[in-house]
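Secondary and tertiary structure notes
One-letter residues, chain by chain:
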Amino acid sequence: MVGLNVQVPETTCDDPNCPFHGSLPVRGQILEGVVVSNKAERTISVERSYYKFIKKYERYEKRKSKINVHKPDCLDVNIGDSVKVAECRPLSKTKHFVLVEVKGE
């Protein structure tokens with residue numbers, strides 16, 4: 001993919017919302033996280049941790065958020081895998097990201 005430093009998967013798919021084999025353009029944020037659920041069809045939940053500065057106490061607190069991500073058919077992912085996701089156009093009410101790379105455990 002042009003602009004992203006990721007490997008193109010070996011397997012092919014006929015998913016129209018695949019950034020590699022379909023016509024889905026990616027733009028915006030590129031985030032990393034851990035897969036916490038893959039129960040839905042072509043959808044995974046990715047949890048990412050980050051630190052938020054609390055001005056009053058002059059300290060950081062740890063926070064986490066879950067993102068619903070579209071999983072193309074050409075990428076295999078399991079719970080606990082570290083993944084890289086890219087922002088795209090809205091694919092459904094809650095999906096605005098697509099899976100672009102699986103980094104493994």
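Here, every reference points to the structure presented above.
The sections below set out a description of the structure shown in this document.

What counts, and at which threshold
- Residues numbered from 1 in each chain as written.
- Predicted model: local features only at pLDDT ≥ 70, side-chain atom pairs only at ≥ 80, totals over all residues.
- Heavy atoms only, no water.
- Helix = DSSP H or I, 4+ residues; strand = E, 2+ residues; numbered from the N terminus.
- Buried < 20%, exposed > 50% of the residue type's maximum accessible area, 1.4 Å probe, protein only.
- Contact = heavy atoms within 4.5 Å.
- Pairing = 2+ DSSP bridges.
- Axes fitted to C-alpha atoms, helices over the stretch in contact; angles between N-to-C directions.
- Lys, Arg positive; Asp, Glu negative; His and termini not counted.
- Salt bridge = Lys/Arg side-chain N within 4 Å of Asp/Glu carboxyl O.
- Polar contact = N/O pair within 3.5 Å; in protein donor to acceptor, adjacent residues only side chain to side chain.
- 1 Å grid on protein atoms, 1.4 Å probe; cavity = no way out; pocket = protein on both sides within 12 Å on 5 of 7 lines; lining within 4 Å.
- Points joined across faces, edges and corners; volume = space filled by probe spheres on them.
- Nonpolar A, V, L, I, M, F, W, Y, C, P; charged D, E, K, R; others polar.

1. A closer look at the overall build of the protein chain
When helices and strands are tallied, the protein chain shows zero helices and five strands. Written out in order from the N terminus, the α and β elements of the protein chain read β-β-β-β-β. Dimensions along the principal axes, computed over C-alpha positions, put the protein chain at roughly 50 × 30 × 25 Å. Counting across all 105 residues of the protein chain, residues that qualify as buried make up 34%. A sequence separation of at least 24 residues applies to 54% of the contacts in the protein chain between residues at least 6 apart.

2. Thoughts on the sheet that holds strand β1 (residues 26-37)
Strand order around the closed barrel formed by five strands is β1-β2-β3-β5-β4, with mixed pairing between neighbours. In this sheet, neighbouring strand axes are inclined to one another by 45 degrees on average, regardless of whether the strands run parallel or antiparallel. Relative to strand β5 (residues 97-104), strand β3 (residues 59-70) is paired through two bridges, and the arrangement is parallel. Note that in β5 the partner of Val69 across the bridge is Phe97.

3. Comments concerning the pairing of β1
Strand direction decides the pairing type here: β1 and strand β4 (residues 82-88), joined by six bridges, are antiparallel. By the bridge assignment, Leu31 is partnered in β4 with Val85. The pairing of β1 with strand β2 (residues 43-54) spans three bridges and is classified as antiparallel. Considered in β2, the bridge of Val34 is made with Glu47. Taking the residues between adjacent antiparallel strands as the criterion, β1 and β2 are bridged by five residues, where Arg42 takes a positive phi near 60 degrees.

4. Considering the side chain of Lys71
Turning to its location among the elements, Lys71 is positioned in the loop between β3 and β4. Asp76 provides the closest opposite charge to the buried, unpaired Lys71, separated from it by 4.8 Å. Within the local environment of Lys71, its side chain forms a polar contact with the backbone oxygen of Leu75, the two atoms lying 3.3 Å apart. Excluding residues that lie within four positions of it along the chain, Lys71 makes contacts with Asp15, Arg42, Thr43, Ile44, Val77 and Leu99.

5. Here's the deal with the layout of surface pockets
As a volume, the largest pocket reaches approximately 180 Å³. Around the largest pocket sit Gln7, Val8, Pro9, Glu10, Thr11, Asp73, Cys74, Leu75, Asp76, Val100, Glu101 and Val102, which together line it. Residues that form the lining of the largest pocket fall into these classes: six nonpolar, two polar and four charged.

6. Quick notes on the side chain of Ser45
Examined against the element boundaries, Ser45 turns out to sit in strand β2. For Ser45, a relative accessible area of 16% puts it in the buried group. At 3.2 Å, the side chain of Ser45 and the side chain of Asn68 are in polar contact. In this structure, Ser45 is in contact with Val34, Val35, Val36, Ser37, Ile67 and Asn68, ignoring residues within four places of it in sequence.

None of this, on its own, says anything about what the molecule does.
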